[in-house]
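Each chain, letter by letter, is given below.
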Amino acid sequence: MIQILQQIVQYINGLDWSYIITFILLAHALNYSKVLDWLFKITKLKIQTRYRVMFIGLLYGIFLFFLRSYNTDKIETLLQSFVFAMVFHKLIIEKVLQQILGQKTP
């Protein structure tokens, strides 16, 4: 049991937490702002929230990859952080923010 906990802690420590936190904040801000109305007026497409969040995370991850001048061995870390952030955002953060702010999912 101790080895399993050590592996989990090692995995969590290996994630890119600056990416995770800023990605969640960015996705939440874009999903609950006037940006959606503006994008709908231009594209006439209404995209479900989960796909918008996924698209934002991928674009943001690619942006950070080049901004931080990562080499290819950091791609796996960013991908793992992206998956963790998607699950963390959807299962925990979104529900907590809905309770605190009294918002509904767009």
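Each chain has its residues counted from 1, running along the sequence as written. It should be noted that, the model being predicted, local features are given only for residues of pLDDT at least 70 and side-chain atom pairs only at 80 or more, the latter also being counted only at that level, while totals for whole chains, interfaces and linings use all residues. Just so you know, side-chain values use all the structure's heavy atoms and leave hydrogens and water out.

**Q** Would you explain the packing of helix H2 (residues 17-31) against helix H4 (residues 49-67) in this entry?
**A** The angle between the axes and the distance between the axes are what describe a pair of packed helices. It is the contact of H2 with H4, at a shortest axis distance of 10 Å, that shows an interaxial angle of 135 degrees. On the basis of their axis angle, the class for H2 and H4 is oblique. The two elements H2 and H4 meet at a crossing, and its hand is right-handed. Residues Tyr 19, Thr 22, Phe 23, Leu 26, Ala 27, Leu 30 and Asn 31 of H2 pack against Thr 49, Arg 52, Val 53, Ile 56, Gly 57, Tyr 60, Gly 61 and Leu 64 of H4. Gly is placed with the polar residues, together with every amino acid not listed as nonpolar (Ala, Val, Leu, Ile, Met, Phe, Trp, Tyr, Cys and Pro) or charged (Asp, Glu, Lys and Arg). Split into classes, the residues belonging to the contact of H2 with H4 amount to nine nonpolar, five polar and one charged. Working convention: axes come from line fits to C-alpha atoms, limited for helices to the stretch in contact. Angles between N-to-C directions cover 0 to 180 degrees. A run of DSSP states H or I qualifies as a helix once it reaches four residues; a run of E qualifies as a strand once it reaches two. Both are numbered from the N-terminal end. Angle categories: roughly parallel below 35 degrees, roughly antiparallel above 145, roughly perpendicular from 65 to 115, and oblique for all the rest. Two helices that cross are described as forming a left-handed crossing if the nearer one is turned anticlockwise from the farther one by less than a right angle, and a right-handed crossing if clockwise. The criterion used for residue contact is that any of the two residues' heavy atoms lie within 4.5 Å.

**Q** What's the story with the pattern of salt bridges in this structure? I'm lost.
**A** Note on pairing: side chains with opposite charge can pair once their charged atoms come close. Salt bridge, as used here, is a side-chain nitrogen of Lys or Arg placed within 4 Å of a carboxyl oxygen of Asp or Glu. For the coordinates displayed, the defined rule picks out one salt bridge. Here Arg 68 and Asp 16 are joined by a salt bridge, their closest N and O atoms 2.6 Å apart. In this pair, Arg 68 is assigned in the loop between H4 and helix H5 (75-101) and Asp 16 in the loop between helix H1 (2-14) and H2, connecting sequence segments 52 residues apart. Burial here depends on accessible area, computed with a 1.4 Å probe over protein chains only, as a share of the maximum for the residue type. Under 20% is buried, over 50% is exposed, and the range in between is partly exposed. Residue classification places Asp 16 among the buried residues on the basis of a relative accessible area of 10%.

**Q** Explain the packing of aromatic side chains to me, please; I cannot follow it from the model alone.
**A** The description of two aromatic rings rests on the distance between their centres and on the angle between their planes. By convention, a stacked pair of Phe, Tyr or Trp rings (six-membered ring in the case of Trp) has centres within 6.5 Å and planes under 30 degrees apart, an edge-to-face pair has planes over 60 apart, and any other such pair is tilted. Following the criterion strictly, the structure yields six aromatic pairs and no others. Measuring from centroid to centroid gives 5.4 Å for Trp 17 and Phe 84, while their planes differ by 75 degrees, and the two rings are edge-to-face. One end of the pair, Trp 17, is in helix H2; the other, Phe 84, is in helix H5, with 67 residues separating them in the sequence. With centroids separated by 5.6 Å and ring planes inclined at 15 degrees, the aromatic side chains of Tyr 19 and Phe 23 adopt a geometry described as stacked. Of this pair, Tyr 19 and Phe 23 both sit in helix H2, separated by four residues, roughly a single helical turn. We classify Phe 23 as buried; its relative accessible area is 0%. Ring-pair connections join several aromatic residues into one group, and the members of that group are Tyr 19, Phe 23, Tyr 60 and Phe 82. A ring has a charge above it when a Lys NZ or an Arg CZ is no more than 6 Å from the ring centre and no more than 35 degrees off the ring normal. Directly above the aromatic system of Tyr 70 lies the positively charged group of Lys 74, at a separation of 5.6 Å from the ring centroid.

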